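# Fold and contact review
Given next are the chains, with one letter for each unit.
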Amino acid sequence: GIGKSTLLKIAMGDTESDEGILEWGHETRTGYFAQDHHEVLGDGSSTLHDWLWDFCPTESIGYVRGHLAQMLFTKDDVNKRINSLSGGEAARLIFSRLAVMHPNVLVLDEPTNHLDLEGIGALAEALCGYEGTVIFVSHDRWFVSEVATRIFEITPSGVQDYRGSYEDYLI
């Protein structure tokens, strides 16, 4: 069967489907958090500051540095090369990019993989306050129970749609 992460890649246009068509709505602005950060970060030679500024070139230096600071990057960190980042730092940088892009649909592939417990809690809180749509794949049961309001179970026999919390789904 097809993996759940592959479905997200199809949705984002990174992989072709065997059949069918997926079309986003006219006003949809998607932001993608890939499970493999290298897909998003490129060759890693840019500094954090320059990489993020590429996504909001009309904004000020203060705006870019402010977003990096919100993700716990210090003033010394902003000149680090991306290829020197840990997995957690790379994840936080990608979340910074999503913040400056202002998507109304977030597509998150295993967003908790490189985060510590504090980071996972902060992400769950931020997503619960997010006004757009969040589509995510996660094996972190606590995270799913905190964030999910609707569960799509994908099985060989088809897709089951459970409206409600993760706890409702388990019953």
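Let me begin by describing the structure that accompanies this report. Because the structure is a prediction, the values reported are computed rather than measured.

The topology assignment puts Arg 29 in the loop between helix H1 (4-11) and strand E1 (30-33). Between the alpha carbons of Arg 29 and Ser 84 there is a distance of 30 Å; along the sequence they are 55 residues apart. In contact with Arg 29, not counting residues within four places along its chain, are His 102, Pro 103, Asn 104 and Val 105.

By the element assignment, Pro 103 lies in the loop between helix H5 (87-101) and strand E2 (105-109). Once the C-alpha coordinates of Pro 103 and Thr 30 are considered, the two residues, 73 residues apart in sequence, prove to be 5.1 Å apart. Beyond its immediate chain neighbours, meaning those up to four positions away, Pro 103 contacts Arg 29, Thr 30, Gly 31, Leu 98 and Tyr 130.

Turning our attention to the pattern of salt bridges. Using the criterion set out here, one finds 3 salt bridges in the structure. With a shortest N-O distance of 3.1 Å, Glu 89 and Lys 80 are connected by a salt bridge. Taking the relative accessible area as the measure of exposure, Glu 89 reaches 16% and is therefore buried.

For the rest of this paragraph, the subject is unusual backbone geometry. Unusually for a residue other than glycine, Leu 72 sits at a positive phi of about 70°. Notably, His 102 is not glycine yet its phi reads approximately 55°, a positive angle. Considering the arrangement of structural elements, one finds His 102 in the loop between H5 and E2. Here His 102 falls in the partly exposed class, since its relative accessible area comes to 47%.

One face of the sheet, then the other: side chains in a regular strand alternate in exactly this way. Pairing of E2 with strand E3 (residues 133-137) involves 5 bridges; the strand directions are parallel. Along E3, the bridge assignment pairs Asp 109 with Val 137. In terms of handedness, the path from E2 via helix H6 (residues 117-129) over to E3 forms a crossover that is right-handed.

Moving on: the packing of helix H4 (residues 61-70) against H5. Running from N to C, H4 and H5 cross one another at 130°; their axes reach a closest spacing of 9 Å. Overall, the two elements H4 and H5 adopt an arrangement that is oblique. The crossing of H4 and H5 is right-handed. Along its contact with H4, which presents Tyr 63, His 67 and Leu 68, the element H5 presents Leu 93, Ser 96, Ala 99 and Val 100. Along the lines of polarity and charge, the residues of the contact of H4 with H5 split into 5 nonpolar, 2 polar and no charged.

What counts and what doesn't
- Residues numbered from 1 in each chain as written.
- Predicted model: local features only at pLDDT ≥ 70, side-chain atom pairs only at ≥ 80, totals over all residues.
- Heavy atoms only, no water.
- Helix = DSSP H or I, 4+ residues; strand = E, 2+ residues; numbered from the N terminus.
- Contact = heavy atoms within 4.5 Å.
- Salt bridge = Lys/Arg side-chain N within 4 Å of Asp/Glu carboxyl O.
- Buried < 20%, exposed > 50% of the residue type's maximum accessible area, 1.4 Å probe, protein only.
- Pairing = 2+ DSSP bridges.
- Right-handed = clockwise from strand over helix to strand, strands pointing away.
- Axes fitted to C-alpha atoms, helices over the stretch in contact; angles between N-to-C directions.
- Parallel < 35°, antiparallel > 145°, perpendicular 65-115°, else oblique.
- Left-handed = near helix turned anticlockwise from the far one by under 90°.
- Nonpolar A, V, L, I, M, F, W, Y, C, P; charged D, E, K, R; others polar.

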